[in-house]
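Listed below, chain by chain, are the residues.
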Amino acid sequence: MSRFFAALQFLTLFPWPRRTERSAGEVGRTAVFFPVIGFLLGVTLIAANWLLASIATSELSSVTLVALLAWLTRGLHLDGLGDTFDGLGAGGDRERILRVMDDSHIGAFGVIAIVLVLFLKIHALASIDVDRWRALLIAPVLGRWAMVLLGYRSKAAKTGLGSTVIDHLGTKPFLFATFISLLLVAAILHGTGVVMMAWAAIFTLASKIYFHRRLGGVTGDTFGAVGELSETSVMVFLALGSR
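Parameters and conventions
- Counting restarts for each chain: residues are numbered from 1 in the order of the written sequence.
- In keeping with the predicted nature of the model, local features appear solely for residues at pLDDT of at least 70, side-chain atom pairs appear and are counted solely at 80 or more, and the whole-chain, interface and lining totals rest on all residues.
- Neither water nor hydrogens contribute to the side-chain values; these are computed over all heavy atoms in the structure.
- Helix and strand definitions here come from DSSP, where helices need a minimum of 4 consecutive H or I residues and strands a minimum of 2 consecutive E residues; each element is numbered from the N-terminal end.
- All radius of gyration figures rest on C-alpha atoms, and the globule criterion is 2.2 Å times the number of residues raised to 0.38.
- Classification of residues uses two cut-offs on accessible area relative to the type maximum, computed with a 1.4 Å probe and protein chains only: under 20% is buried, over 50% is exposed, and between them is partly exposed.
- The contact criterion used throughout is that any non-hydrogen atoms of two residues lie within 4.5 Å.
- For the purpose of charge, His is not counted, nor are the chain termini; Lys and Arg are scored as positive and Asp and Glu as negative.
- The atoms used to mark charge sites are NZ of Lys, CZ of Arg, CG of Asp and CD of Glu.
- Ring geometry is summarised as follows: Phe, Tyr and Trp rings, the Trp one being its six-membered ring, pair when their centres sit within 6.5 Å, and such pairs are stacked at plane angles under 30 degrees, edge-to-face over 60 and tilted between the two.
- Between N-to-C directions, angles cover 0 to 180 degrees, with each direction set by a line fitted to C-alpha atoms, over the stretch in contact for helices.
- Each crossing gets its handedness from the near helix: less than a right angle anticlockwise from the far helix is left-handed, clockwise is right-handed.
- In this classification, the charged set is Asp, Glu, Lys and Arg, the nonpolar set is Ala, Val, Leu, Ile, Met, Phe, Trp, Tyr, Cys and Pro, and all remaining amino acids, among them Gly, are polar.
- The term salt bridge refers to a pairing of a side-chain nitrogen on Lys or Arg with a carboxyl oxygen on Asp or Glu at a separation within 4 Å.
- N or O atoms within 3.5 Å of each other form a polar contact, as long as, within protein, one can give a hydrogen and the other can take it, and as long as residues adjacent in sequence are counted only when both atoms are side-chain atoms.

Undergrad: Can you help me understand the overall build of the chain in this one?
TA: Helix and strand counts for the chain come out as 11 helices and 0 strands. Relative to a compact globule of 243 residues, whose C-alpha radius of gyration would be 18 Å, the chain shows 17 Å and is just as compact. A principal-axis box enclosing the C-alpha atoms of the chain has dimensions of 50 × 40 × 35 Å. Relative to its full complement of 243 residues, the chain shows a buried share of 50%. Taking as baseline every contact in the chain between residues at least 6 positions apart, the subset at least 24 positions apart corresponds to 77%. Separation between the mean location of the 21 positive side-chain charges and that of the 16 negative ones in the chain comes to 8 Å.

Structure below.
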C-alpha cells in the first residue's frame, strides 16, 4: 500500500495518508500503480459529470471536467507537455533541447501545445453525448499506462524524476500495470477498449524511438507529454467513433 499511496501523491494533489518526502526508489517503483490512479481519476470525473448533468450544458461540463482533471493532477503532465514542445520547437542539438526543456519559462511552442490539447479534450468530451463515462474512465487509464510503457527499458536522457522511474521499473511491475490496464479497458469498452490500448501502445513506442534518437532517451517532461497526448488522442478517437 505504501507504493500505491506514493503513486497517488506523485500523480495527483492528494496527500493521503499524508504528504511526505519519498525516497527515489519509492517514487520509481510507483509506476506499477499508474493505471490504477488513472482509473480513480476517471471515477472522480464521472462523479463530477453526474453532478453537472442537470445544471450545465455539454460544452460547459466538458470545460469543467478538463479543468478538474488538470487541477487534480496539479498540471504536472501539461507542464511536461509544454516543456517538451518548447525544447523540440527550439531545435538544435541534444544539449540545447534539454537546456530549453529545463527552463522554467514557457515559450510559444509550449503554449500552443497545451492550448491545443485542452481544446481537443473539451471538444471531444462535448461530442460524446452517450456513454461519456466510458471515455472519462478509459482515457486517464491509458494516458498513465502509456507513461509506464514509455519508461520500460528506456534510457534516461538526463538525471531526474524520469530516470528515477526508469531505474526502478522492472519487467514484473510493467507486466502487472499492462495486465491491469487491459482488464480495465476491456471491461469498460470491450473490443474498442483493446483497440484504443493498441493505439496508445503504437503511439508510445513511436515516441520512445523518436526521443531516443533525438534526445538520447526520455525525461520526466516527455513522460508528461506522452501521457497527455495519449489521453487526448483516445478521447478524440472515441468522439469520432460516437458520431
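More follows now that the structure is in view.
Undergrad: Help me understand the packing of aromatic side chains, please; the structure alone is not making it clear to me.
TA: For any pair of aromatic rings, geometry is given as the distance between the ring centres together with the angle between the planes. Under the counting rule described, the total for this entry stands at 7 aromatic pairs. For the ring pair F4 and F5, a centre distance of 5.4 Å and an interplane angle of 65° mean the geometry is edge-to-face. Relative accessible area serves as the criterion here: at 14%, F4 is assigned to the buried category. By the ring-pair criterion, three or more aromatic residues cluster together here, those being F4, F5 and F33.

Undergrad: I keep staring at the packing of helix α8 (residues 132-151) against helix α11 (residues 220-241) and nothing clicks. Help me out?
TA: Two elements in contact, α8 and α11, have axes whose closest approach is 8 Å; the angle formed by their N-to-C orientations is 145°. By crossing handedness, the relation of α8 to α11 is classed as right-handed. Contact with α8, carried on its side by A135, I138, A139, P140, L142, G143, R144, A146, M147, L150 and G151, involves T222, F223, V226, G227, S230, E231, V234, M235 and L238 of α11 and no other residues of that element. For the contact of α8 with α11, a count of residues per class yields 13 nonpolar, 5 polar and 2 charged.

Undergrad: When you look at the side chain of D221 in this model, what are you seeing that I'm missing?
TA: When you line up the elements, D221 lands in helix α11. An unpaired buried charge is present at D221: no salt bridge exists, and K158, the closest side chain of opposite charge, is 5.7 Å distant. The contact partners of D221, leaving out residues within four places of it in the chain, are G80, L81, D83, T84 and M101.

Undergrad: Looking at this structure, I do not really get the side chain of T219. What am I missing?
TA: Within the secondary structure, T219 sits in the loop between α10 (171-215) and α11. Polar contacts involving the side chain of T219 include one to the main-chain amide nitrogen of D221, which spans 3.2 Å. Beyond its immediate sequence surroundings of up to four residues, T219 is in contact with L98, M101, A157, K158 and G162.

Undergrad: Looking at this structure, how should I read the environment of S163?
TA: Mapping S163 onto the fold places it in helix α9 (residues 161-167). Expressed as a C-alpha distance, the spacing of S163 and G151, which sit 12 residues apart in the sequence, is 8.6 Å. Reaching out from S163, the side chain makes a polar contact with the backbone oxygen of G160 at a distance of 2.7 Å.

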